[in-house]
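Okay, here's what each chain looks like letter by letter:
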Amino acid sequence: MYTQAATWADKGDGEPLLVLAGTRGIVKVINTITLAVDAALIGHGNEILDVTTHSVDTNLIISASKDESVRLWNIKTQICIAIFAGEKGHRNHVLSVCVHPCGNVVASSGMDYSIKLWNLVSPDVQNAINKSYSHDDRAGNIGFVSVPVQFPLFSTDKVHTNYVDCIKWVGDLLLSKSLCNRAVLWTPDPLRGSVCIVGEYELTHCRNWFMKMSCCDLLYVFAAGNTMGEVLLFHLTPPSEDEDAKAATHFLSEIEKANRDHDHERFETGVIIKPHGTICHDSGSSSIIRDSDFSMDGDHFIYCADSSHDGQGQCQPRSKICVWSVDHLETHHVAATTATTTMTAGE
């Protein structure tokens, strides 16, 4: 199995689960205590490019595929609950998915330049989620019928003009990245089908696709890797001398006002934010920082560096996973110690 996406899950039995998916289009759930395969979820018709855990119910996971669909699964009963695709779905590979912190909406983005919001609490989907916990295929040999969802709550292609390879929720705002050396923080207006661009983050050397971002809600920062062996760190609130809470409240109120008042499909604040810090894995090298994540308590940061090419056309399939200890978050600075753990993977 060639893994392209990974997340975690928890069925409530005290044994953490690792969820992996990739080129074979199968989601595998692995028990990290016994190292046994707990489940193999089959349904996608092509490669799986992303997988994420539901923010409220950790028995549920969402996968995104090259087959242009997003699927909702129950790993406890190994059931595909719903398929988000069809008439108003994606028209190319779905590259990224992320669930709202409240668990009511999943955002997806893809190679069709679009970002879509799908309802997870509609009567049909919610009823299917509830039924997925009690369904038994052996009772009358009737299989579970996945709910088809063809119409998203919201869809836009006004934020980016290229592949959208990563999408994250930041509260009720969305943070998305495309192949234009920019990450965009924005808010949707489903009633008018418009978007309000809150700010743009300057990503240097990030024109390669399939390079993911990570966010830390506790530190209110996000990280993005580049093709020069660097991890760029950004604050998700603008610089201010006021207390953090007051600054954030004022900032968001201005955004809401601007979004309420504008009548265009895309409204921009014109704010471009540079990184406030950089972690150098191998600065100036050909290493690509493919993915990263923060621990739930915000104390540690992990990233994966792809060193498959030496810059001279020679393929050397090696990847490094590095774990950093985050010391503290000052007003405008994230400090990180040297890497505490480094793991190297060959072929």
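Preceding block: the structure.
Along every chain, residues carry numbers that run from 1 in the direction the sequence is written. In keeping with the predicted nature of the model, local features appear solely for residues at pLDDT of at least 70, side-chain atom pairs appear and are counted solely at 80 or more, and the whole-chain, interface and lining totals rest on all residues. Side-chain metrics in this entry use all non-hydrogen atoms of the structure; hydrogen atoms and water are not considered.

## Here we look at the sheet that holds strand S9 (residues 94–99)
Turning to step 1, where the next piece is worked out: Think of it this way: DSSP has to see at least two bridges between two strands before they count as a pair. Helix numbering and strand numbering both begin at the N terminus, where a helix is a DSSP run of H or I of at least 4 residues and a strand a DSSP run of E of at least 2. What the four strands build is an open sheet, ordered S9-S10-S11-S13; its pairing is antiparallel. Every other strand in the sheet has two partners, leaving S9 and strand S13 (154–156) as the edge strands with one partner each. Pairs of neighbouring strands in the sheet enclose a mean axial angle of 15°, with direction left out of account.
Turning to step 2, where the next piece is worked out: Pairing between strand S10 (residues 105–110) and strand S11 (residues 115–119): five bridges, direction antiparallel. Bridging across to S11, serine 109 finds its partner in isoleucine 115. To get an axis, a line is fitted to the C-alpha atoms, and for a helix only the part in contact is used. The angle between two axes follows their N-to-C directions and goes from 0 to 180 degrees.

## Overview of the sheet that holds strand S6 (residues 60–65)
Turning to step 1, where the next piece is worked out: Across the sheet, five strands lie side by side as S5-S6-S7-S8-S12; this open sheet has mixed pairing. Either end of the sheet is taken by a strand with one partner, and the two such strands are strand S5 (48–53) and strand S12 (147–149). Along the sheet, successive strands turn relative to each other by an average axial angle of 20°, direction set aside.
Turning to step 2, where the next piece is worked out: Direction of pairing for S5 relative to S6: antiparallel, over a ladder of five bridges. For isoleucine 48, the partnering residue across the bridge sits in S6 and is serine 65.
Turning to step 3, where the next piece is worked out: The contact rule is simple, with two residues in contact once any of their heavy atoms fall within 4.5 Å. Most of the contacts of helix H1 (residues 123–132) go to strand S8 (residues 79–84), to which it runs at about 165°, and overall it touches S6, strand S7 (70–74), S8 and S12.

## Observations concerning the pairing of S6
Turning to step 1, where the next piece is worked out: Each residue is placed in one exposure class: buried if its accessible area under a 1.4 Å probe, protein chains only, is under 20% of its type's maximum, exposed if it is over 50%, and partly exposed if it falls in between. Among the six residues of S6, six are classified as buried, and the element is accordingly described as predominantly covered.
Turning to step 2, where the next piece is worked out: Where S5 folds back on S6, the antiparallel hairpin that results is connected by six residues.
Turning to step 3, where the next piece is worked out: Bridge count between S6 and S7: five bridges; the pairing is antiparallel. For isoleucine 61, the partnering residue across the bridge sits in S7 and is tryptophan 73.
Turning to step 4, where the next piece is worked out: Hairpin geometry of S6 and S7 is characterised by an intervening segment of four residues between the two adjacent antiparallel strands and by a positive phi of about 75° at glutamate 68.

Spatial relationships are all this shows, so hold off on functional conclusions.
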